[in-house]
Amino acid sequence: MTAKPTMIEFRDVQKYYGDYHALRGINASIRAGEFFSLLGPSGCGKTTLLRTIAGFEEISSGVILIDGKDASTIPANKRPTNMVFQSYAIFPHLTVEENVGFGLRRAGLDKAEMARRVGDALAMVGLTGFGKRAAHALSGGQRQRVALARALILKPKVLLLDEPLSALDKKMREQMQMELIKLQRQVGITFILVTHDQEEALVMSDRIAVMFEGRIVQLDDPETLYRRPKTRQVADFIGTMNFLPATVLSDTPEGCEVEVAGLGRCRIAADQAPPGGNGQETTVGFRPETLTILYDGQAATVRETPGTVEEVVYYGDMTYYDVKLDGVSAAVRLSMRNVPGRPVLDIGTRARVAWSPDALVLFR
Amino acid sequence: MTSGGVLRRMGRSEAASGLAMISPTASYAILLLAAPLALIFIYSFLTDGYLEIIRTFTFANYLEAWTNELYRVVMLRSLMVALTVTAVTVLLAFPVAYFVSFHVDPSRKSLWLFLITIPFWTSYLIRVFLWKVILGYNGVVNSGLLGLGIISEPLQWINYNVGAVVVTLAHAYAPFAILPIFVALEKIDRSLLEAGQDLGESRFMTFLRVTLPLAMPGVIAAVLIVFIPTIGDFVTPQLVGGPEGRMVANLIQLQYLKLDNYPLGSAIAVSAMVIVTVVSLFFLYLNRRYLRGPES
Amino acid sequence: MRGGWFKVYALVYLVFLYAPIILLPMFAFNDATVIAFPLSGFSTKWFAALADDPPLHDAVRNSLIIAVTTAILSTTLAVFAARASTRYRFPGKAGLMGLIMLPLVLPEIIVAVSLLSILLMVGIELSILTVILGHVLICTPFCIAILSSAFQSLDRSLEEAAYDLGETSFSTFRLIILPLVMPGIISSLLISFTISLDEFIIAFFLAGTQATLPVYIFSQFRFPQAVPVIMALGTILVCLSVLLLSIAEFFRRRGLARSGTKDTGGFL
């Protein structure tokens, strides 16, 4: 990926509501043309951060640069950003057409040009022919599209999306995720999405900022975020992760030697183990899909550890097993694809579990 | 710029916008409500002179208002009438509110409420007058009963007394009582009632243990909304009350417009306000106790 | 059937509510001075008498001037207060709103005498104007109650969306907020008009020599021969109220339909 210019930059942004410290020193840059997500649990400050970009919240200190300009000098109605609201905020007394064309009122366009631009915007979101409809006669997905068209018609440099899919049902949500990705590629502008749904963030984003309690704790592309979460908090929030206690035996620039409960001694590469001291009591984490149950006749490619199946949860395409590894008190979760020749195991079955040190992440 | 500075500036700007926005209405209320109320409060401690008010401080007006048999009887009567009207109105209204909330099809609720509210918005004066016509010596009831031969001479006890005042006021304030109770009943989650019955209570016990407690705020609101205007009502006692049915508003009007005794009139008005406030606070206190339950 | 006995009771109750009003047209069209059964014959002479009653016409004119002015002033004041209370936090809000809403829980006679006292002290002559001052005071809380729910049901992000799309605070108010609360404003105008038109006690204390319609009606109660005329007048007033209420209800429902919220029913 070639380095793109910066579109939004936060420099030590702080925000207080009375005594409540909502944003605690945000430093980050969002590149032009990327699909960027702010991910975190409710109350982590992600919506507040988005609204500071739009200009609906003033920051208490720090600087926000939008396309190189200090945002504090630009009022919300003059910023090159447009927003898709969580409630969509479709004006209920206007038609679809009037809603979409709302922002063009001040552009002083003639009727034909106005109609053409509105038509284009509606076509872009797949709502051609809906222009004359009353706003309140729309379904959730259609309202979402109207909100998108209305925000994009002004050709903003940045589109802000505040939990835009949370009001939709699962099927509709998945469909809109795909459409949003395509739309972003088509218009090529920066999209900043606020979401509490880690799956949504992983599916849609070029990069994700994970926020907890007013701070960005990790900012990475989805794969790095998933495979090498920097903290247990991030690991826990994104997907499922097993944790086992471990002791660091030796620490070198190439990686470290650890003794992991139940798994034994192994080596973890440096990029998956932040530097620290020897003899330290720490935690090692690994994703369920990095473990495999070995069936009769199969041999482990790297390492294997025996255990007992404690719980079986059948999901159709997958089966989740909780397996108590010998010598460990808590069970670890692992997932297996259900393919012919792999019967679902019963509770109590003894099993051999294959794993690889490559999949381990060390948390200090 | 420090964060505190920005914070103060923002806080001030929202507060300033809010205050600026409310200032026309607030100024109006201060000038034409707070100031006049303060004035009659001051008047109530001054002395009445013929055609003027003498600026000497005195408790004499309150002493007069609370010890003179004439005034005391009227104030007590006002309180009793208002409490009776309130009790009658709320008790009669509850089943109607219950019916509309629980038994009327949702699409027709608006129609029922509309029908119930219409009489309230038709001329109050005319409605009171109609009761005078209905209950009067030569009125509808008497002429009807005479015509049917049920009575041989007009009934006199149905008009110009406290009973007539109660009937008229109960009729006048009926919609006032129904609406708040209805709103409270509407808010009750219907699955709570199913839960009550699911847990083994009868319909009636579910009503007592679930519906009634949850409707209580509405009942208290109804009580206040009926009690407060009835205790200060002027027209009804004047028209159908007769000499024995006079209430505190008639007394105040007498002092102000007929006897020109503003200090005593003010003392009676302030006393009436105190009574209203004390009784209202008592009901609000009951509501709170009721909601919090007996243990705390 | 749903409700059973409750329905019977509710219907009996409605009869009780409407019984006196039903008498109005019966006696208004009755060809007799005495209000008594049995009815003696059909006549429209009492309505004709209304047309030939100059003091009544003055009273109607006074009342209309007062009611229209009151409706406009109290709705305007209520727009400020409702917007301030639903949109802003500011110090002293509870106290100020409490004072503004106080007339709802204050017997009207108290409002009347306290206003009378201060007006006489300041030396303002009693007239239509002083009645308007009093009526605006008691109507404003009702208007605020109606408008607050209209402002409350506005999604805050609608304003932000308009602002985000380049409008100013003022044009946002004009293009978004005002059209959406317009049904509330109309029902507020109608309700305050109706209250003012019907209000007696404040007008009785503050009107001076310029009687309003209720004050005029009250003065006619003393004369038994005027009763059938009052019945005729009452019939007209009831019809007018029902008409106004129906219009108010229509706008209230349209307002609900626009903002997309569920009908919770009724005024107040």
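What counts as what
Residues numbered from 1 in each chain as written. Chains lettered and ligands numbered in written order. Predicted model: local features only at pLDDT ≥ 70, side-chain atom pairs only at ≥ 80, totals over all residues. Heavy atoms only, no water. Domains from an automatic or database assignment. Contact = heavy atoms within 4.5 Å. Buried area = accessible area lost by both parts, 1.4 Å probe. Salt bridge = Lys/Arg side-chain N within 4 Å of Asp/Glu carboxyl O. Polar contact = N/O pair within 3.5 Å; in protein donor to acceptor, adjacent residues only side chain to side chain. Helix = DSSP H or I, 4+ residues; strand = E, 2+ residues; numbered from the N terminus. Nonpolar A, V, L, I, M, F, W, Y, C, P; charged D, E, K, R; others polar. Pairing = 2+ DSSP bridges. Axes fitted to C-alpha atoms, helices over the stretch in contact; angles between N-to-C directions. Buried < 20%, exposed > 50% of the residue type's maximum accessible area, 1.4 Å probe, protein only.

### A short note on the domain arrangement of chain A
All names here are of chain A. We note that the domain assignment places domain 1 (6-235) and domain 2 (240-363) within chain A. Relative placement of domain 1 and domain 2: their C-alpha centres are 39 Å apart. Taken residue by residue, the interface counts 9 residues in domain 1 and 9 residues in domain 2. The largest per-residue losses of area from domain 1 upon contact with domain 2 belong to Tyr226, Arg228 and Arg232, which jointly make up 63% of the total buried on that side. Between domain 1 and domain 2 we count 1 salt bridge in total. Close ionic contact of Arg228 with Asp271 constitutes a salt bridge, the shortest N to O distance being 3.7 Å. The interface formed by domain 1 and domain 2 holds 2 residue pairs in polar contact (both at pLDDT 80 or more) in total. Put simply, the parts of the chain that give the side of domain 1 that touches domain 2 at least two residues each are helix 7 (222-227) and helix 8 (232-237). In terms of residue count, the dominant contributor to the side of domain 1 that touches domain 2 is helix 7 (3 residues).

### Here we look at the interface of chain C and chain B
Each side of the interface is counted separately: chain C has 85 residues, and chain B has 79 residues. On inspection of chain C and its partner chain B, the count reaches 0 salt bridges. Between chain C and chain B we count 9 residue pairs in polar contact (both at pLDDT 80 or more) in total. Top contributing element to the side of chain C that touches chain B by residue count: helix 1 (residues 5-28) of chain C, with 15 residues. Here the side of chain C that touches chain B is built from residues that sort into 64 nonpolar, 11 polar and 10 charged.

### A few points about the sheet that holds strand 15 (residues 292-294) of chain A
All names here are of chain A. If you trace the 5 strands from one edge of the open sheet to the other, you get 15-19-16-17-18, paired in antiparallel fashion. The strands lining the two open edges of the sheet, one partner per strand, are strand 15 and strand 18 (332-337). Sheet twist, expressed as the average angle between the axes of neighbouring strands with direction ignored, equals 50 degrees. Relative to strand 19 (residues 350-355), strand 16 (residues 303-314) runs antiparallel, the two being bridged by 6 bridges. Bridge pairing in strand 19 places Thr308 opposite Arg350.

### A look at the pattern of salt bridges
Residue and element names in this part refer to chain A. Inspection of the entire model under this criterion finds 28 salt bridges over all chains. One salt bridge in this structure joins Arg145 and Glu179, with 3.0 Å as the shortest N-O distance. With Arg145 in helix 4 (residues 140-152) and Glu179 in helix 5 (residues 170-187), the pair connects residues that are 34 residues apart, well separated along the chain. Given a relative accessible area of 11%, Arg145 falls into the buried group. By relative accessible area, which is 26% here, Glu179 ends up partly exposed. Two residues, Asp322 and Arg333, come together in a salt bridge whose shortest N-O distance is 2.9 Å.

### Notes on the interface of chain A and chain C
One widely used convention gives an interface's size as the accessible area the parts lose upon coming together. Facing the 21 residues of chain A at the interface are 19 residues of chain C. Buried surface at the junction of chain A and chain C, both sides included, amounts to about 2,000 Å², of which 60% is carbon and sulfur. Looking only at chain A, the three residues that lose the most surface to chain C are Asn77, His93 and Phe102 of chain A, adding up to 30% of its buried area. Linking chain A with chain C are 3 salt bridges.

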